Amino acid sequence: MPEKEEFLKLMKDKIGPSIDKKGRLYFEVLNEHILEVADYLFKKLGCRLSTATCMEMYRGIEVLYHFSHDATGQYFCPRVVMTDRNNPQMNSISNIVTGAEWIEREMAEYWGVKFIGHPRPEPLLTKEHPKGEGLGQPFRIRRMS
Amino acid sequence: MNRNVIPVGPFHPLLEEAEYFTLTVDGETVVDIDLDIGWMHRGHELISERKTFTQSIYLVERICGICSTSHPIACVHAVEDVDNIEIPERAAYIRTLIGELERIHSHLLWLGLAGHFIGYDTVWMWAWKYREPVLQMFEIISGNRNHYGMMRVGGVAKDVDPARVPELLNILDMVDEKMHMIANAAKDDPVLKSRLKNVGILSKQAAIDYCAVGPTARASGVHTDVRKDEPNDAYGMVDFKEIVLENGDVYDKLVLRLLETLESTKICRQCLAKLSHSNGPILNNVKEIGVGEGIGRYEAPRGEVFHYIRSDGSNRPIRHKVRAPSYVNIPTFKASCKGIPVADALITLAAVDPCYCCTERALKIIDKNHDPFALDLLNLSRQKTEKIRRETYGAK
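Residues numbered from 1 in each chain as written. Chains lettered and ligands numbered in written order. Predicted model: local features only at pLDDT ≥ 70, side-chain atom pairs only at ≥ 80, totals over all residues.

**A few points about the overall build of chain A**
Alright, step 1. Scanning chain A for helices and strands turns up three helices and seven strands.
Alright, step 2. Taken from N to C terminus, the helices and strands of chain A fall in the order α-β-β-α-β-β-β-β-α-β.
Alright, step 3. Within the span of chain A, comprising 145 residues, buried residues form 41% of the whole.
Alright, step 4. Sequence-distant contacts in chain A: of pairs separated by 6 or more residues, those separated by 24 or more amount to 54%. (Helix = DSSP H or I, 4+ residues; strand = E, 2+ residues; numbered from the N terminus. Buried ≥ 20, exposed ≤ 12 C-beta atoms within 10 Å, placed from the backbone. Contact = placed C-beta atoms within 7 Å.)

**A closer look at the domain arrangement of chain B**
All names here are of chain B.
Alright, step 1. Splitting chain B by domain gives domain 1 (3-40 + 332-393) and domain 2 (44-328).
Alright, step 2. One C-alpha centre belongs to domain 1, the other to domain 2; they are set 28 Å apart.
Alright, step 3. Across the boundary between the two partners, domain 1 contributes 25 residues, which contact 25 residues of domain 2.
Alright, step 4. Those elements giving two or more residues to the side of domain 1 that touches domain 2 turn out to be helix H13 (333-336), helix H14 (345-350) and helix H15 (377-393). (Domains from an automatic or database assignment.)

**Some words on the sheet that holds strand S6 (residues 291-300) of chain B**
All names here are of chain B.
Alright, step 1. An order of S6-S7-S8 is seen for the three strands of this open sheet, with the pairing classed as antiparallel. Of all strands in the sheet, those bounded by a partner on one side alone are S6 and strand S8 (317-323). Sheet twist, expressed as the mean angle between neighbouring strand axes with direction ignored, is 10 degrees.
Alright, step 2. Of the strand pairs in this sheet, strand S7 (residues 303-312) and S8 are connected by six bridges, and their pairing is antiparallel. Paired with Tyr308 across the two strands is Lys321, which belongs to S8. (Pairing = 2+ DSSP bridges. Axes fitted to C-alpha atoms, helices over the stretch in contact; angles between N-to-C directions.)

**Examining helix H2 (residues 34-44) of chain A**
For an α-helix, 3.6 residues make a turn, and residues three or four places apart therefore share a direction.
Residues and elements named next belong to chain A.
Alright, step 1. Residues of H2 that are buried: Ile34, Val37, Ala38, Leu41 and Phe42. Buried residues of H2, viewed axially, fall in a sector of 115 degrees; they line one side. Exposed side of H2, more than 90 degrees from the buried face: Lys43 and Lys44 are the residues found there.
Alright, step 2. Buried residues along H2 sit against strand S1 (15-21), strand S2 (24-29), strand S3 (48-57), strand S4 (60-69), strand S5 (74-82) and strand S6 (89-91).
Alright, step 3. Just beyond H2, the residue with positive phi is Gly46, at close to 75 degrees. (Arc of directions from axis to C-beta.)

**Observations regarding the environment of Asn184 of chain B**
Alright, step 1. Mapping Asn184 of chain B onto the fold places it in helix H6 (residues 165-188).
Alright, step 2. It is 42 Å that separates the C-alpha atoms of Asn184 of chain B and Ser56 of chain B, two residues lying 128 residues apart in sequence.

**Here we look at the interface of chain A and chain B**
Alright, step 1. At the junction of the two partners, chain A supplies 23 residues and chain B supplies 26 residues.
Alright, step 2. Examining the composition of the side of chain A that touches chain B, we find that six residues originate from one element, S3 of chain A, more than from any other.
Alright, step 3. Here the residues of the side of chain A that touches chain B are counted per class, giving eight nonpolar, nine polar and six charged. (Nonpolar A, V, L, I, M, F, W, Y, C, P; charged D, E, K, R; others polar.)

**Points about the environment of Arg62 of chain B**
Residues and elements named next belong to chain B.
Alright, step 1. By the element assignment, Arg62 lies in the loop between helix H2 (53-61) and helix H3 (70-83).
Alright, step 2. Accessibility expressed as a C-beta count within 10 Å gives 13 for Arg62, which makes it partly exposed.
Alright, step 3. Taking C-alpha positions, Arg62 is 21 Å from Ile140, a pair spaced 78 residues apart along the chain.

**Re the sheet that holds S2 of chain A**
All names here are of chain A.
Alright, step 1. Reading across from one edge, S1-S2-S5-S4-S3 is the order of the five strands in this open sheet, with mixed pairing throughout. At either end of the open sheet lies a strand with only one pairing partner, and these are S1 and S3. Between one strand axis and the next, the sheet turns by 20 degrees as a mean value, whatever way the strands run.
Alright, step 2. Inspection of the sheet shows S4 paired to S5 by seven bridges, in the antiparallel sense. For His69, the partnering residue across the bridge sits in S5 and is Gln74.
Alright, step 3. On top of the sheet, helix H3 (residues 101-111) reaches S3 and S4; it is set at about 10 degrees to S3, its chief contact.

**A short note on the packing of H6 of chain B against helix H11 (residues 250-277) of chain B**
Residues and elements named next belong to chain B.
Alright, step 1. Where H6 contacts H11, the axes come no closer than 10 Å and their chain directions differ by 165 degrees. Comparing the axis directions of H6 and H11 gives the class roughly antiparallel. As H6 runs across H11, the sense of the crossing is left-handed. Contacts between H6 and H11 involve Val165, Leu168, Leu169, Leu172, Val175, Asp176, Met179, His180, Ile182, Ala183, Ala186 and Lys187 from the former and Leu254, Val255, Leu258, Thr261, Leu262, Thr265, Cys268, Arg269, Leu272, Leu275 and Ser276 from the latter.
Alright, step 2. Looking at side-chain class alone, the contact of H6 with H11 contains 16 nonpolar, four polar and three charged residues. (Parallel < 35°, antiparallel > 145°, perpendicular 65-115°, else oblique. Left-handed = near helix turned anticlockwise from the far one by under 90°.)

**Examining the environment of Tyr251 of chain B**
Residues and elements named next belong to chain B.
Alright, step 1. Secondary-structure assignment places Tyr251 in helix H11.
Alright, step 2. Each C-alpha atom of the pair Tyr251 and Arg390 lies 20 Å from the other, and the pair is 139 residues apart in sequence.
Alright, step 3. Not counting the four nearest positions on each side in its chain, Tyr251 is found in contact with Lys193, Leu196 and Lys197.

**Let's talk about the confidence of the model for chain A**
Alright, step 1. Across chain A, pLDDT averages 86, with 87% of residues at or above 70.
Alright, step 2. Scored below 50 in pLDDT, residues 136-145 of chain A makes 20 contacts in the model with residues more than four places away or belonging to other chains. (pLDDT = per-residue confidence, 0-100.)

If you want it as structure tokens, here you go:
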């Protein structure tokens, strides 16, 4: 897969150790590099953002983006881990990928993650709820691996 | 500037699920649209994390009543991806057969509703009439007309009886013949072409920016089809074409779905031929799922269904993320609805195939002179078709 090798070569200083499993490349990215990685995957490689998954693990709150490279059927999955559970925040990729707008809003209200630079940082699913009754931290998954 | 706001929803005949669109119109032109979701909290992801992997399959089957096998297929793909589980070849063909039959009945359902919205009630009746035999095929195969309960991690739950394959092929032949008839009629109809051509265009760039999937993206010239990109199950073993059109308007979305239905009948025929001449296991015995994470996806009738599962080695997922195709297709309204006449709004919203229900509610707006009048989007849409019909064929 030349795209993957090119990506790993160009981004070797920006990403952590990667796991390649059956065409799915999982790797960790620091918050300060996520915009650059997303820009490369979306604009240079032509990947499509399938969605993003937020979860709580031992190390902190984790946001895992799923970029699909439709031409080859491969997946690039950058993972950002926020260790400050009480104030998790990371850069929003919505200004690069318009399609990330809804899922980032959803993660913000379900998991309490603040997406810095989001073009429309308002609730997606709990807009009509009385103020202060959003979901967020109390609804995080209790079980951790 | 004389701007009015037309609310559509949260409960509206256009929408099977409760969603809320706010159309801002200037005269008869839509100048902006705002989308508001979150009217139903079903909690599937959290519930799934409290179920076993097998129970989760039944749970996700109930996310959608129309494409009720797409979520289970994506779900079992994700679990199988965690532990690199292979499935028997016969099970792969059965999964593909079920998935393609679902595509046929879903596209026919959409076609009928689209016909109704623009005043082609004959298309509505025909499409739904010929959808019925497809549901009969499901009943023959699985015992159920909907929610088939066929998927299992490692294969499928029920075999297709080779003795009943000729009966299934006969029904498929009839559906195929009728689909050709409807497709030819739709392509040759000048009124339909005038009514839908260049209506609600979603440009290729907008489809890419919004990460649109399925027929919504393919009608705009974007090559995205999980069946070709990552051919799971039997998709790598059957012959079919990925239909991609260029204009991105409602007409292209209609033609694309009709052509896809014909491709689906071709795939079903190949699967049935294989199933009638072979035997073998349909389910591998999977005793436990290891630690890890997996991605499962399937090309549902509306586009890519995506499931992500993370396992800690117990018998249930610790995280189960579900993304349905409408979640990424609905925001494309922002791009496709701006600048269109309000009479085209209904069919443009319907063209991405969000779910529908069968009730209708007229809504009232007040104009600047405070004269109350009823604005019914459905009638506006049908009146425009009638106007084109009269212009094409004369007053009669």
